[in-house]
Amino acid sequence: MSQKVRIYQLAKDLVIETKQLLRILDDMGVEYKSHSSTLDADIADTVRQLVEDDRAARVAAGKQEEAEAEAAKAAAAEKKVADDEAAMKAEKAARKAEAKEKQAPLRAPVVTVMGHVDHGKTSLLDYIRKTRVAAKEAGGITQHIGAYVADTAHGPITFLDTPGHEAFTAIRQRGASATDIAIIVVAADDGVMPQTREAIAHAKAAGVPIIVAINKIDLPQANPDKVMQDLMQVELIPEAYGGDTITANISAETGDGIPDLLEMIALVAEVEDLRADPEGPARGVVVESILDKRAGVLATVLVQEGTLRVTDYVVSGESWAKVRRLTDHTGTALKSAGPSVPAQVLGFSSQVQAGAVVESVADEATAKRLAEQRREAREEEERETIGRKNVTLADLFGKQRVTTIPLILRADTQGTLEALKGVLQRESESTDEVELDIMLADVGAPTESDLLLASTADAQVLAFGVNPAGSVKKSAERQGIPLKTYKIIYQLIEDVQRMIRGQIEPEFEEQVIGHAEVRAVIQVPRSGKIAGSYVTDGVVKRNAKARLIRDGKEVYKGSIATLKRFKDDVREVTQGFECGINLQNYDNVQEGDVVEAYEMVEVPLA
């Protein structure tokens with residue numbers, strides 16, 4: 001009797017597709033979570049027997065068909081009469097069946113790798129790139145274009161190298177779902193972190209299959225079991241715990257487990273049945289866009305349908321292009337790019353946005369007309385939006401004062417820039433008191449003209465992934481203009497959050513610190529009446545704010561002027577001790593009154 005076996009492994013042993021095996025299990029009424037679920041030994045043996053019986057039946061049927069065909073030929077020879085009408089009908093039916101069976105060919109899966117900072121996303125991509133891509137290149141040099149294809153034992157896999165899940169979502173929000181599979185990288189020595197949860201949420205929102213790569217298993221403090229327990233808290237139940245979330249233990253440093261991870265990606269892609277028609281006009285999505293000093297606008301386009309060719313005319317948003325050159329991740333010139341193939345396009349008239357749809361058109365005139373129509377439609381919508389803006393009473397009377405923080409934003413790619421703008425907009429919308437004014441957002445390093453604008457508008461310059469020239473840095477220091485550079489997107493966001501908090505006027509609330517019961521009223525010359533009191537709870541402090549409560553009603557609100565223990569002035573008296581309290585500018589204290597001491601504390605920002 002066989003042992004338990006995973007579904008995909010059984011399919012491999014039987015030399016059939018995993019989808020075919022899943023259909024067999026459905027017919028048998030066998031429950032399973034995914035293609036990685038395990039089957040009991042008796043079920044596996046039953047499946048093996050069914051597949052063998054089916055093959056034997058097909059062989060017998062084939063022999064019978066051959067015999068019937070021979071008999072039909074003999075009968076036809078004897079009759080020597082061709083039934084033309086029947087032949088035509090049969091031919092038509094055959095063509096119809098062939099057309100029905102003919103499907104678009106399979107394409108490579110597109111994979112995005114996300115996760116927490118320092119958990120090994122870049123290391124994983126670098127290892128795959130070096131072992132599967134750069135080994136084929138002259139000198140091992142890889143040209144970074146935001147996407148590349150890795151040739152694996154299971155076929156090609158396209159990886160998107162995005163700046164993080166913010167950019168991933170920015171692309172998805174524009175309606176261009178470029179990703180087929182999301183890999184969430186979690187460090188085995190750290191576990192699920194806040195940004196891991198964000199990445200999982202983004203992947204779930206996109207509705208794509210999730211594979212969790214548990215990285216850094218080579219470290220002595222690695223604890224993959226803890227990671228899997230953490231995953232259950234974010235509703236990702238690993239297969240090892242009876243769920244359907246695929247996990248793979250890997251080390252991006254040594255390469256352990258990465259072949260298994262690539263195999264899992266191929267299996268998920270097989271089940272997803274990813275197909276695209278390479279024929280017809282090209283349609284794709286912009287992965288990233290950069291402004292090269294010599295070449296101009298370079299846009300990385302992931303082709304999703306059809307085939308993009310050199311000399312084609314394409315439109316993306318308000319920009320158009322005649323494709324003058326196509327290059328792959330190695331810098332090699334391409335004549336064309338089919339589905340799931342990323343290519344860097346030279347020829348766009350202006351900067352294109354990451355996530356924007358790219359479509360090929362018939363000719364230059366059509367491309368220019370579409371781009372112009374889109375620009376005019378946007379301008380018209382902006383004018384209508386301004387016209388629809390209503391004046392409210394809040395605009396006329398008592399409008400809340402809003403503090404504006406002017407910013408100049410620079411980034412290495414258009415995709416990163418769009419992601420940063422989206423995040424900063426959400427931060428600005430989180431409060432009504434502070435508004436972020438992004439005066440300039442562009443690709444490339446900060447320039448002297450940026451500093452001129454910053455000095456005029458009293459703005460700060462934030463640069464991500466680009467380094468300003470030495471002369472620009474010195475000029476900023478000389479003029480006292482804040483110029484900050486970042487390599488990690490979340491450090492930039494945290495700094496902006498601190499800027500916002502620094503501009504918001506603090507809110508305060510009362511916090512009761514103690515109560516004292518007046519048990520005797522003592523008349524002291526030149527000091528007025530002293531309330532001989534007993535602290536019933538908390539603490540009573542000198543100079544603390546206080547209210548006097550009589551018969552459940554507040555009769556005084558002010559502060560404690562003096563506080564004594566016997567004849568000595570003291571700073572505070574705690575619960576269970578007696579004291580003398582003199583209230584500021586109030587003498588009408590009576591026995592039975594309650595002194596409630598409180599402080600005004602700052603309310604922390606949400």
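Quick note: structure is the one above.
This section reports on the structure supplied with the text.

Check the secondary structure of the protein chain and you find 15 helices and 29 strands. Across the 606 residues that make up the protein chain, the buried fraction comes to 42%. Taken as a whole, the protein chain presents about 33000 Å² of accessible surface, with 49% of it coming from carbon and sulfur.

Summed over all chains, the structure comprises 21 salt bridges. Close ionic contact of K226 with D230 constitutes a salt bridge, the shortest N to O distance being 3.0 Å. Here K226 pairs with D230, and both are found in helix 8 (residues 224-233), just four residues apart, close to one helical turn. Using a relative accessible area of 38% as the deciding quantity, one classes K226 as partly exposed.

Membership of the largest hydrophobic core comes to 28 residues, with the highest contact counts inside it found for L124, I128, F159, I183, I211, L261 and I265. If you list the elements that add at least two residues to this core, you get strand 3 (110-115), helix 5 (121-132), strand 4 (147-152), strand 5 (155-160), strand 6 (181-187), strand 7 (210-215), strand 8 (246-249) and helix 9 (258-272). Sort the elements by how many residues they give to this core and helix 9 lands first, with eight residues. Every residue in contact with I211, bar those within four places of it in the chain, is listed here: I181, A182, I183, I184, I246, L261, M264, I265 and V268.

For helix 9, which comprises 15 residues, the first-to-last C-alpha distance of 21 Å matches the rise-based estimate of 21 Å (1.5 Å per residue) to within 8%. After helix 9 finishes, the residue D273 shows a positive phi value of roughly 55°.

Turning next to the side chain of D450. Secondary-structure assignment places D450 in helix 13 (residues 448-457). Residue D450 is classed as buried on the basis of its relative accessible area of 2%. Leaving out residues up to four positions away in the same chain, D450 has contacts with I408, R410, L440 and A445.

To describe a pair of aromatic rings, one takes the distance between the centres and the angle between the planes. Going through the model one piece at a time under the given rule, you end up with two aromatic pairs. With a centroid separation of 5.9 Å and 25° between ring planes, the pair formed by Y148 and F159 is classed as stacked. Of this pair, Y148 sits in strand 4 while F159 sits in strand 5, and the two are eleven residues apart along the sequence. Judged by relative accessible area, which is 2%, Y148 ranks as buried. Here R519 stacks its cationic end above the ring of Y534, 4.2 Å away from the centre of that ring.

To continue, consider the pairing of strand 28 (residues 578-583). In summary, the side chains of a regular strand alternate between the two faces of the sheet. Burial within strand 28 is extensive, with five of its six residues counted as buried. With four bridges connecting them, strand 23 (residues 528-541) and strand 28 associate as antiparallel partners. Looking at strand 28, one finds that G532 is bridged to G580. Where strand 25 (residues 553-565) and strand 28 come together, four bridges link them in antiparallel fashion. Note on strand 28: the bridge partner recorded for K564 is G580.

Thresholds, definitions, all that
Residues numbered from 1 in each chain as written. Predicted model: local features only at pLDDT ≥ 70, side-chain atom pairs only at ≥ 80, totals over all residues. Heavy atoms only, no water. Helix = DSSP H or I, 4+ residues; strand = E, 2+ residues; numbered from the N terminus. Buried < 20%, exposed > 50% of the residue type's maximum accessible area, 1.4 Å probe, protein only. Areas by Shrake-Rupley, 256 points an atom, 1.4 Å probe, with all protein chains shown as cover. Salt bridge = Lys/Arg side-chain N within 4 Å of Asp/Glu carboxyl O. Core = buried A, V, L, I, M, F, W, Y, C linked by side-chain atoms within 4.5 Å. Contact = heavy atoms within 4.5 Å. Expected span 1.5 Å × (residues − 1). Phe/Tyr/Trp six-rings, centres within 6.5 Å; stacked < 30°, edge-to-face > 60°. Lys NZ or Arg CZ within 6 Å of the ring centre and 35° of its normal. Pairing = 2+ DSSP bridges.

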